[in-house]
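Secondary and tertiary structure notes
One-letter residues, chain by chain:
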Amino acid sequence: MDSYRSFMESFGIEKEQLFEWGIKNTIFPGVEKVKEEWKNLLYRVYNNEEVYIRGYGRNGHGTEIYKSFYKFLLENEHVKEDPANNTKPKRNLEAMTGYKRNKNIFNYQTSHIFGHTKNIFLFEAPWNICYVPKIMDPFTGHEAKGSYILEYKLMFKKQAFKLYKDYIEEYNNIIKSLFIEEKIDQYSQILIDSYNKKQIQQFAEDCLNEFKIITM
């Protein structure tokens with residue numbers, strides 16, 4: 001039994017119409033703005049400038065392990081933990097779209113389309129953030145489950161892929177060129193003196209997942 005399905009059937013809400021409305025009313029940043037901000041992000045990543053990620057672990061206690069990884073992987077010593085887990089993406093989205101929540105748009109939330117918020121390339125990636133109508137959160141939230149959720153999330157991601165295909169493919173090529181799995185293995189050896197085996201194994205699994213390429 002799926003309560004979402006039951007609710008929609010009880011009130012005569014057609015799934016297809018709701019899903020189409022959700023995609024239509026999602027605010028995706030314009031392609032030209034995305035191109036500019038993506039170029040800026042890559043410059044900061046590769047030139048040892050300030051870049052943000054979301055905190056790792058309970059209350060961000062494990063974030064240092066990611067910061068050290070980026071120093072090892074990309075020679076970037078200026079990776080910062082976002083102070084409120086979404087501050088930097090919110091500001092970037094406001095700048096790209098001209099919209100600000102509770103100022104000129106209401107009942108919207110900032111959403112990471114593909115997730116992977118500990119990934120230095122994806123937390124701030126301008127093609128990975130958008131404004132989602134809060135009424136559609138039950139269909140995009142990470143806690144939601146069921147066939148309706150899977151169907152809507154696929155539509156949602158396909159729309160982003162359609163808009164930002166060139167930048168997503170560029171990201172995928174970057175990840176392939178970094179040989180992430182090999183680098184994580186090398187970095188894990190460095191951690192032996194500072195972390196226990198379980199902590200290292202958990203980080204390695206989580207990090208590998210964070211750096212998956214994006215496919216449809």
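Here the structure is a predicted model, which is why all the values come from computation and not from measurement. (Residues numbered from 1 in each chain as written. Predicted model: local features only at pLDDT ≥ 70, side-chain atom pairs only at ≥ 80, totals over all residues. Heavy atoms only, no water.)

**Concerning the overall build of the protein chain**
Selection criterion: The way it works is that DSSP assigns letters per residue, a run of H or I at least four long becomes a helix, a run of E at least two long becomes a strand, and they are numbered from the N terminus. All radius of gyration figures rest on C-alpha atoms, and the globule criterion is 2.2 Å times the number of residues raised to 0.38. Between buried and exposed lies partly exposed: a residue is buried under 20% and exposed over 50% of the maximum accessible area for its type, with that area taken using a 1.4 Å probe on protein chains only. In this analysis, two residues are considered to be in contact whenever any of their non-hydrogen atoms come within 4.5 Å of each other. The positive count covers Lys and Arg only, the negative count covers Asp and Glu only, and His and the chain ends enter neither. The atoms used to mark charge sites are NZ of Lys, CZ of Arg, CG of Asp and CD of Glu.
A count of helices and strands for the protein chain gives 9 helices and 4 strands. The C-alpha radius of gyration of the protein chain comes to 19 Å, within 12% of the 17 Å expected for a compact globule of 216 residues. Across its three principal axes, the protein chain shows a C-alpha extent of roughly 60 × 40 × 30 Å. Going through the 216 residues of the protein chain one by one, you find that 44% of them count as buried. Counted over contacts in the protein chain with a minimum sequence separation of 6, partners at least 24 positions apart contribute 74%. Counting 31 positive and 30 negative side-chain charges, the protein chain places the averaged centre of each group 3 Å from the other.

**So, the nonpolar core**
What counts, and what does not: We define the nonpolar core as a collection of buried residues of types Ala, Val, Leu, Ile, Met, Phe, Trp, Tyr and Cys that are connected through side-chain atoms lying within 4.5 Å of one another.
Among the nonpolar cores identified, the biggest contains 62 residues, and Trp-38, Phe-121 and Trp-127 are the most heavily contacted of them. Counting residues per element, this core draws most heavily on helix α7 (residues 147–178), which supplies 13 residues. Sequence-distant contacts of Phe-121, defined by excluding residues within four places in its chain, comprise Trp-38, Leu-41, Leu-42, Val-45, Tyr-46, Leu-74, Tyr-171, Ile-174, Ile-175, Leu-178 and Phe-211.

**Let's talk about the side chain of Thr-97**
Let me state the cut-off plainly: In protein, a polar contact requires one atom able to donate a hydrogen and another able to accept it; more generally it is a pair of N or O atoms within 3.5 Å, and residues adjacent in sequence count only if both atoms are side-chain atoms.
Relative to the elements of secondary structure, Thr-97 occurs in helix α5 (residues 87–97). Only 2.8 Å separates the side chain of Thr-97 from the backbone oxygen of Leu-93, close enough to count as a polar contact.

**A short note on the packing of helix α4 (residues 63–74) against helix α8 (residues 180–190)**
Packed helices, taken two at a time, are described by the angle between their axes plus the distance between the axes. Quick reminder of the rule: Think of each axis as a best-fit line through the C-alpha atoms, taken over the contacting stretch in the case of a helix, with angles from 0 to 180 degrees between the N-to-C directions. Crossing handedness: left-handed means the near helix sits turned counterclockwise from the far one by under a right angle, and right-handed means the same turn made clockwise.
Remark: α4 packs on α8, axes separated minimally by 11 Å, with the N-to-C direction vectors making an angle of 115 degrees. The handedness of the crossing between α4 and α8 comes out as right-handed. Facing α4, whose interface residues are Ile-65, Ser-68, Phe-69, Phe-72 and Leu-73, α8 presents Ile-180, Lys-183, Ile-184, Gln-186, Tyr-187 and Ile-190.

**A closer look at the packing of aromatic side chains**
Aromatic ring pairs: the centre-centre distance and the angle between the two ring planes describe each pair. Going by this rule: Stacked, edge-to-face and tilted labels apply to pairs of Phe, Tyr and Trp rings (six-membered ring for Trp) whose centres lie within 6.5 Å, assigned for plane angles under 30 degrees, over 60, and everything in between, in that order.
With the rule as written, the count across this model stands at 24 aromatic pairs. Judged by centre distance (4.9 Å) and plane angle (80 degrees), the ring pair of Tyr-56 and Tyr-66 falls under edge-to-face. Within this pair, whereas Tyr-56 is found in the loop between β1 (51–53) and α4, its partner Tyr-66 is found in helix α4, the two being separated by 10 residues in sequence. Both residues of the pair, Tyr-56 and Tyr-66, count as buried.

**Looking at the pairing of strand β3 (residues 108–112)**
Put simply, the test is: Any two strands between which DSSP finds at least two bridges are classified as paired.
With 5 of its 5 residues buried, β3 lies for the most part within the structure. Neither face of β3 is open: one carries Tyr-108, Thr-110 and His-112, the other Gln-109 and Ser-111, and all of them are buried. Here β3 pairs with strand β4 (residues 129–133) via 5 bridges, running antiparallel. Each residue of the ladder has a partner; that of Gln-109, found in β4, is Val-132.

**Let's talk about the pattern of salt bridges**
What counts, and what does not: Take a side-chain nitrogen of Lys or Arg and a carboxyl oxygen of Asp or Glu: if they are within 4 Å of each other, that pair is a salt bridge.
For the structure shown, the criterion picks out 6 salt bridges. Glu-16 is the partner of Lys-15 in a salt bridge, and the nearest nitrogen-oxygen pair spans 3.9 Å. By relative accessible area, Lys-15 is classed as buried at 17%. Overall, the relative accessible area of 44% leaves Glu-16 in the partly exposed class. If you follow the salt bridges from partner to partner, you end up with Lys-15, Glu-16 and Glu-151 in one network.

All we've got here are geometric facts, nothing functional implied.
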